[in-house]
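# Results of the structural survey
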Amino acid sequence: TCAPYLLDEPPRLNEQIVWGESNAVVFANSVLGARTEKYADYLDICCALVGRVPAMGVHLDELRKPKVVLDASGLEISTD
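Note that the structure is predicted; figures quoted are calculated from it, not measured. (Residues numbered from 1 in each chain as written. Predicted model: local features only at pLDDT ≥ 70, side-chain atom pairs only at ≥ 80, totals over all residues. Heavy atoms only, no water.)

To continue, consider the pattern of salt bridges. Pairing is possible between side chains of opposite charge, provided their charged atoms come close. Considering all chains together, one arrives at two salt bridges under this definition. Residue Glu15 is joined to Arg12 by a salt bridge in which the shortest nitrogen-to-oxygen separation is 3.8 Å. Since its relative accessible area comes to 26%, Glu15 is described here as partly exposed. You can call Arg12 exposed: its relative accessible area is 61%. Where Asp61 meets Arg35, a salt bridge forms, and the shortest distance between an N and an O atom there is 2.7 Å. Separated by 26 residues along the polypeptide, Asp61 in the segment after helix 2 (43–50) and Arg35 in the loop between helix 1 (22–32) and helix 2 bring together distant segments of the chain. (Salt bridge = Lys/Arg side-chain N within 4 Å of Asp/Glu carboxyl O. Buried < 20%, exposed > 50% of the residue type's maximum accessible area, 1.4 Å probe, protein only. Helix = DSSP H or I, 4+ residues; strand = E, 2+ residues; numbered from the N terminus.)

Listed below in structure tokens is the structure:
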């Protein structure tokens, strides 16, 4: 789906999934904590058929660790 936030049962934290839509991939990784990459056409279908995803990219623990951490704790929230 290109609107994953409408799913009755969204993927769970650390669940390995395959979604091809760009906004769905960002939503799955950052909001849901599921694991998916932006896959080329037809690779997502192949993964769905066999029930497996490639062991690469953000599917792996070591590649989910941030390389840059931003500390915004000192920023004030504007009420304007």
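Next comes the rest of the account.
Inspection of the secondary structure puts Asp44 in helix 2. Residues Asp44 and Trp19, 25 residues apart in the sequence, show an inter-C-alpha distance of 6.6 Å. Excluding anything up to four places from it in sequence, Asp44 contacts Val18, Gly20 and Tyr39. (Contact = heavy atoms within 4.5 Å.)

Moving on, we get to unusual backbone geometry. For Asn14, which is not glycine, the phi torsion reads 70° and is therefore positive. With respect to the helices and strands, the residue Asn14 is situated in the segment before helix 1. By relative accessible area, which is 41% here, Asn14 ends up partly exposed. Positive phi is not limited to glycine here, since Tyr42 has a value of about 80°. Inspection of the secondary structure assignment puts Tyr42 in the loop between helix 1 and helix 2.

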